[in-house]
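Breakdown of the fold
Residue strings, one per chain:
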Amino acid sequence: MKHADAVESTLFDGSLQLTWLAHLTADQTPYEVAEVIAGLVQARQGCHAACVLWGLEQPATYSSVPSARIDPADWPWLRDASKSDSPHWSPDQRRVAIRLCEQPESALLLLSLQPGHDVGDFLDELEAALQLAGQHLRRSLEWFKLQHSHQQLERSEALQRALFAISDLAGSERDMPDMLRGIHAIVSTLMYAENFFIVTRNTELDTIRFLYFIDVEDPTSPGNGQDLPLSAIEHTLTWYVITDGKARMGSAEELRSQVPGPMAMIGSDSFDWLGVPMLRDGQPGGALVVQSYQQNIGYSDEDLALLEFVGSHILTALERKQTKEDLEKRVRLRTLQLAEANRGLQLEIIERKRAEHLQAALFQIAQLATADIDQEEFYRRVHAVVGELLNAENFFIALLSDDRQQLTFPYSVDEVKLPPAVRPLGRGLSEYVLRRGVPVRADNADIEELVRQGEIAQGRSGAPAMCWLGVPLIVGDETIGLVTVQSYSASVVYGLADQELLSFVASQIANSLTRRRSAESLRRAYEQLEHRVEERTQALRKEIIERERIQDQLKHQVMHDSLTGLPNRGFLRDRIDRVLSAIKQEPHRRCALLYLDVDRFKIINDSLGHLAGDEVLKEVATRLASCVRHPDLVARLAGDEFAILLEDVQMPADVMAVAQRVLDSLGTPMLVAGKELQPTASVGIAIGDSHYQTADEVLRDADIALYRAKDLGRKRFELFDETLAKNVVDVLAMEVELRRALQNDQFEPYFQPICRLDDGQVVGYEALIRWNHPQRGLLKPADFVKIAEDSGLIEAIDWRIFELSCRLLARHGPDDTFMTFNVSALHLRHADFDARLICLLESTGLPASRLIAEVTEGALLDNPERVRATLDRLRLAGVGAALDDFGTGYSSLSYLHSLPLRMLKIDRAFVEELDKDRNTNSTTVVAAILALARALNIQVIAEGIETQAQRNALMAMGCELGQGYLLGHPSPIGHWLQAHADTE
């Protein structure tokens, strides 16, 4: 209904509102009501544009009257307006939205006013009308939704009835053509289907069949109901639907645009065509097609959706019907097959019963092999089992003797004559079976033929049997006997089946006999074994007792020291581990380990001998044991090292009291080898608590404390603390750093000048080592040499300094200067020291005459002859020798005569005294050394000159050369090069 023109032509007064209200109540659909509302507002003076919106929840399906496109940027504020009771302005303030109703969905009136008009007055005048219009619009929307729901429900019910009907058809007894006609009728209830056909596809064979075809224009079905290759309908609409599984709908022109390739037409051209695929697991299994030749009848999207939905159900119904028919055919065929198989089964059942009977008999015989019965009962029961299978009224079992010369008959039953219990082997039927190892079934004629052939001897003992059957008893490849049945009546004849049965039984009897024989032999062997085991058990008991005694003795020897009888290190470690485990359960407990070492024990061994040393150790062990109480433990660890474990201590003071008691006890004089000794000891103490995990950790810390006691002067005890541990860790770290320094070339030679005392002229240098530590800076030898010696790195470091010093002096030093360097006793112990040093000089280019090796008097004590020989070889090569720290060692003055010395150095201890009062003794010693050196033509260098008075005193005594801080501090080679350049 259109009312806008009428509203616009009428003044907006009371009569207009009545007219508008009449139109409003007459309209029913939401579109008609919205048109009246928009017309009313549009007719109001000052209104530029007005429209009504609803369905705002989904922007793609909103409704607008009059039709208007909503900019996507407007949706946020329109949604906000739909939730607000008051007018809501757009962001640009040019439009305003008023909510007309909220249920069943929000509806808005969107206004755009002309400039200069007040929106408040405008809305006030329309308030009552808009409120009434909103109510009517709400009822119209509710009615519209209800009507839509009703239509959907009717369609759903119709579709459901159609699906039920299709399902009923698939399960009915109607034949396939009748069912297809029923499906056509059902589809006709859903849409126009006067022209309808069903096409199915066989994907394996790539064929199709027009299963059902009804068409008013083209009544003949393609293929006449037979299979066609899919290519026969290539590029037709049906072909496209089947191949790509997509539905098509429309006129011929519309359909051409829906196919990706050429379109072939079959039959008359329709006005409207609709084809949908029948899908199976998402793949097309055929197609449904309806078409109209009338212009006033067409198909809608709703028809398309309905036919697609119905298509899969129709395909299922067709497959169910086809499957049912195929199943019925297979059932008929299978019934015939089963009838034929049943006849075979009847025969098989008879044979199976016979086999089960035989199997049961064999099982019984197998059970008899292990049954607790005597041999006679075993044979009797075997006979009973055989009698259930065949006629065994005359039955015997014959076995070969161990020497295979006789035939024994342990069991026999015969109605005429029993065989003897034992007889020698002959040429009878039994021997014939044993000889051939195969079953023999014979009647009188067969027996006579065997006699004629010479296989058996003439004459038969007893009454001749009418039929005789013997089967050998074979175990592995050996025949041990035979089992025989015979008949004296013509009515009892043994056939091939009886022979097979007795053969089966014979194999089981043979195995059973073997098992029983083996079991009997095993029983006798067990009896003998039990007797031997009993005898051996008695002997073993005696051996075990003796072995346990020896093991206890060995365990004591392993865990104790053989000299003192004290527990050894292994015993101590086990005890400490047990104590630590107890401490973990009781964290408040403490234990203590005293690790002690007899001071200067090596001197006792060297002076009095090892036997006397052993006596000292035993006496020390006795005294230590007297210093502790049970359950404390005294152990000897190694050599002169002992340990005392106090398992439960309260305070460190208690442990120190025990340590002092030990020192006092050991300090008491003892008489050994006719001499009175008063040994002392150093003791390290570690307090064990819950922080310790293993015995080795406790021993380690006590050992650290012991070495601390030794360093502090011996004859004392020291308690371990974290400071000691840190010092040990520092030593280890220093060792690692020394190795890294050697690798990274961090050592550098410093040169201290050797000068003439009268004019200060530099005549040589002493090369001294320095370490450029990356964190601690420049380190002197006192900071690291001791650790380098202990770790074994000192020799490698010395050789590096030798090389650097020689290379630097050869390249940069004045040609008229010499260089001295310190050679320790470690180097002089190597026989190739001189050769290695000469090679070093050759590689660095330093003349041998400019190098002087300094040795100390202590190095001469190590091996004077070897040192003298080394220095002689160096002298011959041009390298001089100097005796360092002369006057402080223990060597004789005769060394000066025997050694090839070029220089000697007066120790700084004598030089320091020269500038002090009452220095007569030092002056006398220095003067004597100078006089002796002049007599032997040896140059003298005074060390440690730090004052001018010392220099003057030395010059007064005739000393020509000296070195010390007064003359120059040790410095890098570059310092002396610069100084030399400045003097020039």
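You'll find the structure just up there.
Along each chain, the written sequence defines residue order, and numbers are assigned to residues from 1. Two thresholds apply to this predicted model, a pLDDT of at least 70 for residue-level local features and 80 or more for giving and counting side-chain atom pairs, whereas whole-chain, interface and lining totals are computed over all residues. Note that water and hydrogens are dropped before the side-chain values are worked out from all heavy atoms of the structure.

1. Here's the deal with the overall build of the chain
Condition: Each helix is a run of H or I in the DSSP string that is no shorter than four residues. Each strand is a run of E no shorter than two, and both are numbered from the N terminus. Think of it in three bands: with a 1.4 Å probe and only protein chains considered, a residue is buried below 20% of the maximum accessible area for its type, exposed above 50%, and partly exposed in between. Here, two residues are considered to be in contact whenever any of their heavy atoms come within 4.5 Å of each other. Computed with a 1.4 Å probe, the accessible areas rest on the Shrake-Rupley method; for each residue, only the protein chains presented here act as cover.
On a plain count of helices and strands, the chain comes out with 30 helices and 33 strands. Here the chain holds 984 residues, and the buried ones make up 43% of them. Long-range pairs, those at least 24 residues apart, make up 62% of the contacts in the chain between residues at least 6 apart in sequence. Of the roughly 52300 Å² of accessible surface on the chain, 52% is carried by carbon and sulfur atoms.

2. Structural notes on the pattern of salt bridges
Definition in use: Each reported salt bridge corresponds to a side-chain nitrogen of Lys or Arg within 4 Å of a carboxyl oxygen of Asp or Glu.
Under the counting rule described, the total for this entry stands at 31 salt bridges. Taking the shortest distance from any N to any O, the salt bridge between glutamate 615 and lysine 618 comes out at 3.2 Å. Residue glutamate 615 and its partner lysine 618 are located together in helix H16 (residues 610-625), separated by three residues, close to a single helical turn. Of the residues examined, glutamate 615 reaches a relative accessible area of 41% and is grouped as partly exposed.

3. Re the sheet that holds strand E18 (residues 591-598)
Formally: Between any two strands, pairing holds if DSSP finds at least two bridges. In this analysis an axis means a line fitted to C-alpha atoms, helices contributing only their contacting stretch, and an angle means the value between N-to-C directions, from 0 to 180 degrees.
Reading across from one edge, E19-E20-E18-E23-E24 is the order of the five strands in this open sheet, with mixed pairing throughout. In this open sheet, the two edge strands, each paired with only one partner strand, are strand E19 (633-638) and strand E24 (717-719). The mean angle between the axes of side-by-side strands here comes to 20°, regardless of whether they run parallel or antiparallel. Two elements, E19 and strand E20 (residues 641-646), share five bridges in a ladder whose sense is antiparallel. Each residue of the ladder has a partner; that of alanine 638, found in E20, is glutamate 641. The sheet contacts of helix H14 (residues 569-585) involve E18, E19, E20 and strand E23 (681-688), and relative to E19 the element is tilted by about 130°.

4. Details of the pairing of E18
Taking burial as the measure, the eight residues of E18 include eight buried ones, the bulk of the element. Direction of pairing for E18 relative to E23: antiparallel, over a ladder of eight bridges. Following the sheet pairing, tyrosine 595 is matched in E23 by glycine 684. As judged from the six bridges shared by E18 and E20, these two strands associate in the antiparallel manner. Within the sheet, the bridge partner assigned to alanine 592 lies in E20 and is leucine 646.

5. Focus: unusual backbone geometry
A cis amide bond, omega -10°, links valine 65 with the succeeding residue proline 66. Relative to the helices and strands, proline 66 resides in the loop between strand E2 (63-65) and helix H4 (75-82). A cis amide bond links histidine 630 with the next residue in sequence, proline 631, at an omega value of 5°. Its place among the elements puts proline 631 in the loop between H16 and E19.

6. A closer look at the packing of helix H21 (residues 794-812) against helix H23 (residues 833-844)
To describe two helices that pack against each other, one gives the angle between their axes and the distance between the axes. Rule in force here: We call a crossing left-handed when the near helix sits turned anticlockwise from the far one by less than a right angle, and right-handed when that turn is clockwise. Basically, the charged four are Asp, Glu, Lys and Arg, the nonpolar ten are Ala, Val, Leu, Ile, Met, Phe, Trp, Tyr, Cys and Pro, and anything else, Gly included, counts as polar.
At their nearest, the axes of H21 and H23 sit 9 Å apart, and the two run at 35° to each other. Along this stretch, H21 crosses H23, giving a crossing that reads as right-handed. Contacts from Trp799, Phe802, Glu803, Cys806, Arg807 and Ala810 of H21 reach H23 at Phe833, Arg836, Leu837, Leu840, Leu841, Ser843 and Thr844. Considered class by class, the residues forming the contact of H21 with H23 number eight nonpolar, two polar and three charged.

7. Notes on the environment of leucine 108
Residue position: leucine 108 is located in strand E5 (residues 107-113). Judged by its relative accessible area of 0%, leucine 108 falls in the buried class. C-alpha separation for the pair leucine 108 and arginine 79, spaced 29 residues apart in sequence, amounts to 9.7 Å. Ignoring sequence-local partners within four residues, the contact set of leucine 108 consists of Cys51, Val52, Leu53, Leu56, Leu78, Ala81, Ser82, Ala97, Ile98, Arg99 and Leu100.

8. Section: the sheet that holds strand E14 (residues 422-424)
Here we have six strands laid out as an open sheet, ordered E14-E13-E12-E17-E16-E15, and antiparallel in their pairing. A strand with exactly one partner marks an edge of an open sheet, and here the two such strands are E14 and strand E15 (440-443). Between one strand axis and the next, the sheet turns by 20° as a mean value, whatever way the strands run. Here E15 runs beside strand E16 (residues 467-475); their pairing, made up of four bridges, is antiparallel. Within the sheet, the bridge partner assigned to alanine 442 lies in E16 and is tryptophan 468. Along the sheet, helix H11 (residues 429-436) makes contact with strand E12 (395-400), strand E13 (406-413), E14, E15, E16 and strand E17 (478-487), crossing E16 at roughly 40°.

9. Some points on the packing of aromatic side chains
Short version of the rule: Aromatic rings from Phe, Tyr and Trp, taking only the six-membered ring of Trp, are treated as a pair when their centres fall within 6.5 Å; an angle between ring planes under 30 degrees marks them as stacked, one over 60 as edge-to-face, and anything in between as tilted. Our definition puts a charge over a ring when NZ of Lys or CZ of Arg is within 6 Å of the ring centre and also within 35 degrees of the ring normal.
By the definition in use, this model includes 17 aromatic pairs. Ring centres of phenylalanine 197 and phenylalanine 210 lie 5.7 Å apart, and the angle between their planes is 50°; this geometry places the pair in the tilted category. Of this pair, phenylalanine 197 sits in strand E6 (residues 195-202) while phenylalanine 210 sits in strand E7 (residues 207-214), and the two are 13 residues apart along the sequence. Accessibility assignment for this pair places phenylalanine 197 and phenylalanine 210 in one class, buried. For the ring pair tryptophan 239 and tyrosine 240, a centre distance of 5.0 Å and an interplane angle of 70° mean the geometry is edge-to-face. The class of tryptophan 239 is buried, set by a relative accessible area of 16%. An aromatic cluster is built from Phe378, Tyr379, Phe395 and Tyr411, whose rings are joined through pairwise contacts. The lysine or arginine in question, lysine 710, covers the ring of tyrosine 707, its NZ or CZ lying 5.1 Å from the ring centre. Between the NZ or CZ atom of arginine 836 and the centre of the ring of tryptophan 799, over which it lies, the distance is 4.1 Å.

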